[in-house]
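Chains, contacts and geometry: an overview
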Amino acid sequence: MNPKAPFKHDEQLVDIEETAIREARHHDPFAWLGQHRNAAGQGIQRVFLPGATQVEIQTPKGRVSMTRQHPDGVFVHGGDMLPVPYRCRWQDALGTHEAYDPYVFGPVLGDLEVYLFSEGRLYEAYRHLGAHRRSHEGVDGVLFVVWAPNAERVSVVGDFNRWDGRYHPMRVRGMSGLWELFIPGLELGEIYKFEIRHRDSGAVFVKTDPYANAFEKRPSTAARVVESQHVWNDQDWMTARMQAEWQHAPMNIYEVHLGSWQRDADGHFLTYTALAESLLSYVQDMGYTHIELMPVMEHPLDESWGYQVSGYFAPTSRFGSPDDFRAFVDCFHQAGIGVLLDWVPGHFPKDDWGLARFDGTSLYEYADPREGEHRDWGTYIFNFGRNEVRNFLLANACYWADCFHIDGLRVDAVASLLYRDYSRNAGEWIPNQYGGRENIEAIEFLREMNVVLNERYPGILTIAEESTSWPMVSRPTYVGGLGFSMKWNMGWMNDTLSYMQQDPVYRRFHQNDLTFSQLYAYAENFVLPLSHDEVVHGKHSLLDKMPGDTWQRFANLRLLLSYQHAHPGKKLNFMGNEFAQGKEWQCGESLDWNLLEISWHQGIQRLCRDLAHLYRDSSALHDLDFAAEGFSWVDCHDADQSILSFLRRDRQGRFILAIFNFTPVLRQNYRIGVPESGVYREIFNSDAAAYQGSNVGNLSLQAESFSWMGLPCSLEMTLPPLGALFLQRE
């Protein structure tokens, strides 16, 4: 036959399929494009290159011109079957181009991966979905995979094809809803999206990649093809983490918003690289054991603080590349500092280029707004009843642990996942199948997440921001718990701040606010948070919450921070708290570091540094944070003088005595019980001159064999005004 002649067989079917290809609505472009056999066993090769005026195909005998079958850019060649892959060269208005034909390559995703994804158990989905540079059938290129089960057609679009969805329609993988396309010759750095045609309405829209590893800088929203070149140097840290007994270890967390911790001289963001130096140096000096980063996943709006995530698998491009962030984490690990991330599995924004109505239907979110919308936040709620949606989130949790060596996830707004009526009035929510308010699907997701992370990444931590009385949040799943490592103690935070905001003259009537926490302190593994939520939206800074004149406000803040470090539970403080940021946190500007030119603020910073080192180095203050054996009251009944005292112990029986005077009254000759005789020495005094206090305190004290407060011995001492003392037996 004449290889240049149009190939004809079953012309009616060919015409229908050709029309569908030209109109970019063919559900299975591989069934028509590329190379095929006719009924007689002869070969036919078809390409669709919109705008092309001439196309040549590579054959064993050299390049041969293809026949233009349709002016829209359909070209065919008939004759022998050709060795694959083969290349085509074409001309259009922009010049001459040459590439392998994508439609002669076989599938890349294995049947096992497709099966596991549909089951919701492809925990390394981030290695398969999205865009990944790879060699396939001996050719280098980029594999694109996306889930869009309600699409009639999905195409990869980008600068490389003029954002024209007719060029690169994808292969559908059976009934899985997965679409894939290997584009040979595509390089790293290319930006792309997916163009989707809905199978019922025919509507065409463009979406960014849910599994993208990098994005353009805001306000642009295209994904970028990247590949990590980072070589990790934190093996010692990762090995030690696997073997660590974190329950008995000190954990003092510095919560940071990278965009506003510090900025350069021109008010611009610091990069991951710059932060790896300046933030790390500061955290080391201050004695913190961990940092917790407010969400660094890509997000479109600075003012969301990162909690409206649009790119779950990508560190935000605001501060640099994904490898820059890897190097950031690596530096902290090499310095012995853990890195925790805020993680937001409860909701996502409604941006039309993102996850919302991804394939034209409620795919990632529940369809019914009574289940699928958070009206308070203007966001959608993930549909935890879909295997593929759970897989998306489970794989995302694994991604940060695997590819970025993250030490833990602080899971945002857990209460909104647990309850179907969260922030809803009657009639605005749908009960579960048993008529209850519990979101059974989300609960099972949280349990699976915790099990999977702990099995795959020993030593990783998960911390729940959970504000209700849901039981056993931080207990193992095999005893009925949710499986988190720890839970934020919101009750302690609310009660303590409420107490501290009282004028000291009235604190005698509110002693229960401080003592109540011991009734539940060991029901969970608690973190004591003084977080960003407490210093925004009209709540005032910690300093401005404190009553009294300037001296009393700073003394009260020193007292609050000292009480937090002595109370059972791991510690968390938001940036700025450690030097008494004067105004509420503003995400659009740097912290007020110039305040450290003032002695009052220097005193708070010095106190926080000393407390952190003391807490870290004193096993009695952290060893038994989660066990009642590590705490005992000395006196919790002296409400009239607003004084509290208690003992903290470690497993070896070593103890520290902590005494707090919550009034500005100097208390002299105050007797307090102690468990042993001997000499006691002040190891910390929040009223010290170094902290801008009045410098009232005690030198060494000899315990008397005088029973007091149910203890065999006692001390007579001076309590500084609005002061905290920690004493240790020599």
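Rules of the game
- Residues numbered from 1 in each chain as written.
- Predicted model: local features only at pLDDT ≥ 70, side-chain atom pairs only at ≥ 80, totals over all residues.
- Heavy atoms only, no water.
- Axes fitted to C-alpha atoms, helices over the stretch in contact; angles between N-to-C directions.
- Helix = DSSP H or I, 4+ residues; strand = E, 2+ residues; numbered from the N terminus.
- Parallel < 35°, antiparallel > 145°, perpendicular 65-115°, else oblique.
- Contact = heavy atoms within 4.5 Å.
- Nonpolar A, V, L, I, M, F, W, Y, C, P; charged D, E, K, R; others polar.
- Phe/Tyr/Trp six-rings, centres within 6.5 Å; stacked < 30°, edge-to-face > 60°.
- Buried < 20%, exposed > 50% of the residue type's maximum accessible area, 1.4 Å probe, protein only.
- Lys NZ or Arg CZ within 6 Å of the ring centre and 35° of its normal.
- Core = buried A, V, L, I, M, F, W, Y, C linked by side-chain atoms within 4.5 Å.
- Pairing = 2+ DSSP bridges.
- pLDDT = per-residue confidence, 0-100.
- Arc of directions from axis to C-beta.
- Expected span 1.5 Å × (residues − 1).
- Patch = residues over 30% accessible without salt bridge, like charges linked within 9 Å, V, L, I, M, F, W, Y side chains within 5 Å.
- Areas by Shrake-Rupley, 256 points an atom, 1.4 Å probe, with all protein chains shown as cover.
- Salt bridge = Lys/Arg side-chain N within 4 Å of Asp/Glu carboxyl O.

With that settled, consider the packing of helix H4 (residues 272-286) against helix H14 (residues 599-617). Where H4 meets H14, the axes come as close as 8 Å, and the angle between the chain directions of the two elements is 70°. As judged from the angle between their axes, H4 and H14 are roughly perpendicular. For the pair formed by H4 and H14, the contact residues are Tyr 282, Gln 284, Asp 285 and Met 286 on the first element and Gln 605, Cys 608, Arg 609, Ala 612 and His 613 on the second. Here the residues of the contact of H4 with H14 are counted per class, giving four nonpolar, three polar and two charged.

Glancing now at the packing of aromatic side chains. Evaluated as defined, the whole model comprises 60 aromatic pairs. Pairing Phe 269 with Phe 319 gives two aromatic rings, centres 5.2 Å apart and planes at 80°, and the pair type is edge-to-face. Here Phe 269, found in the loop between strand S17 (252-256) and H4, pairs with Phe 319, found in the loop between strand S20 (311-315) and helix H5 (322-334); they are 50 residues apart in sequence, far enough to count as distant. Residue Phe 319 is classed as buried on the basis of its relative accessible area of 7%. Judged by centre distance (6.1 Å) and plane angle (80°), the rings of Tyr 563 and Phe 662 are edge-to-face. Taken together, the positions of Tyr 563 in helix H13 (residues 550-566) and Phe 662 in the loop between strand S32 (655-661) and strand S33 (667-674) put the pair 99 residues apart, joining distant regions of the chain. The ring of Tyr 100 carries Arg 87 above its face, with NZ or CZ at 4.6 Å from the centroid. Note that Arg 558 overlies the ring of Trp 551, its terminal NZ or CZ placed 6.0 Å from the centroid.

Glancing now at the nonpolar core. Formed by 207 residues in total, the largest nonpolar core has its most connected members in Phe 144, Tyr 254, Phe 325, Phe 328 and Tyr 364. Counting residues per element, this core draws most heavily on helix H7 (residues 387-404), which supplies 12 residues. Not counting residues up to four positions away in its chain, the partners in contact with Tyr 364 are Trp 147, Pro 210, Tyr 211, Phe 348, Leu 355, Phe 358, Ile 381, Phe 382, Asn 383, Val 389 and Phe 392. Counting residues in hydrophobic clusters, the runner-up holds 19 residues, among them Leu 647, Tyr 670, Leu 711 and Cys 713.

In this section: the sheet that holds strand S1 (residues 34-37). Read across the sheet, four strands follow the order S1-S2-S6-S5 without closing on themselves; strand pairing throughout is antiparallel. The two strands at the open ends of the sheet, each matched to only one other strand, are S1 and strand S5 (67-70). Adjacent strand axes in the sheet meet at a mean angle of 30° when their direction is disregarded. When S1 meets strand S2 (residues 43-48), the two strands line up antiparallel, connected through four bridges.

One open sheet holds the four strands; their spatial order is S4-S3-S7-S8, and the pairing between them is antiparallel. Only two strands of the sheet have a single partner each, and these edge strands are strand S4 (62-65) and strand S8 (95-100). Direction aside, the axes of adjacent strands within the sheet are offset by 25° on average. With four bridges joining them, strand S3 (residues 54-59) and S4 adopt antiparallel strand pairing. By the bridge assignment for S4, Thr 59 is matched with Gly 62.

Here we take up the confidence of the model for the protein. The share of residues in the protein with pLDDT of 70 or more is 98%, and the mean pLDDT across the chain is 96. A low-confidence stretch, residues 1-9 stays under pLDDT 50, and its non-local contacts, those more than four residues away or across chains, total 20 contacts.

Orientation of H5 relative to H7, taken along the N-to-C sense of each, is 70°, at an axis distance of 10 Å. On the basis of the axis angle, H5 is roughly perpendicular to H7. Contacts from Pro 322, Phe 325, Arg 326 and Val 329 in H5 reach Tyr 399, Trp 400, Cys 403 and Phe 404 in H7. Residue composition of the contact of H5 with H7, by class: seven nonpolar, no polar and one charged.

Below, the discussion takes up helix H3 (residues 235-243). Among all positions of H3, only Trp 237, Met 238 and Arg 241 are buried. All buried residues of H3 project into a common sector of 95° when viewed along the axis, lining one side. For H3, the exposed residues lying more than 90 degrees away from the buried face are Asp 236, Met 242 and Gln 243. Tucked into the core, H3 has its buried residues touching H5 and strand S21 (338-343).

A few words now on helix H9 (residues 440-456). Here H9 spans 24 Å end to end across 17 residues, near enough to the 24 Å set by a 1.5 Å rise per residue. Contacts made by the buried residues of H9 are with S21, H7, strand S25 (408-411), helix H8 (414-418) and strand S26 (461-464).

Another point: the pairing of strand S34 (residues 679-685). By the bridge criterion, two bridges tie S34 to strand S35 (residues 701-702) in an arrangement that is antiparallel. In the strand pairing of S35, Tyr 680 is matched with Leu 701. Where S34 and strand S37 (residues 723-729) come together, five bridges link them in antiparallel fashion. If you follow Phe 684 over to S37, its bridge partner there is Phe 726.

Moving on, we come to the pairing of S21. Along S21, six of the six residues are buried, which leaves the element largely enclosed by surrounding structure. In S21, alternate side chains face the same way, and those of Gly 338, Leu 340 and Asp 342 on one face and Val 339, Leu 341 and Trp 343 on the other are all buried. As judged from the four bridges shared by strand S18 (residues 290-293) and S21, these two strands associate in the parallel manner. Considered in S21, the bridge of His 290 is made with Gly 338. In this sheet, S25 lies alongside S21 in parallel orientation, the contact comprising four bridges. Bridge pairing links Trp 343 to Val 411 in S25.

Following Val 84, the chain continues to Pro 85 via a peptide bond in cis, the omega torsion being 0°. By secondary structure assignment, the location of Pro 85 is in the loop between strand S6 (74-79) and strand S7 (87-92). The linkage connecting Arg 218 with the following residue, Pro 219, adopts the cis geometry, with an omega of 5°. You can see Pro 219 is positioned in the loop between strand S15 (204-207) and strand S16 (223-224). The backbone of Met 472 shows a phi angle near 60°, a positive value even though the residue is not glycine. Among the secondary structure elements, Met 472 is positioned in the loop between S26 and strand S27 (486-488).

Taken together, the side chains of Met 472, Tyr 478 and Val 479 define a hydrophobic patch exposed on the protein surface, amounting to about 340 Å² of accessible area. The residue Tyr 478 is located in the loop between S26 and S27 in this model. Judged by its relative accessible area of 72%, Tyr 478 falls in the exposed class.

Turning next to the pattern of salt bridges. For side chains of opposite charge, pairing can occur when their charged atoms come near one another. Within this structure, the stated rule accounts for 49 salt bridges. One salt bridge in this structure joins Glu 124 and Arg 127, with 3.3 Å as the shortest N-O distance. Looking at Glu 124, the relative accessible area reads 29%, which means it is partly exposed. With its nearest N and O atoms 3.3 Å apart, the salt bridge here joins Glu 465 to Arg 410. Taken together, the residues span a long stretch of sequence, with Glu 465 in the loop between S26 and S27 and Arg 410 in strand S25 at a distance of 55 residues. Per residue, the accessibility class of Glu 465 equals that of Arg 410, and both read buried.

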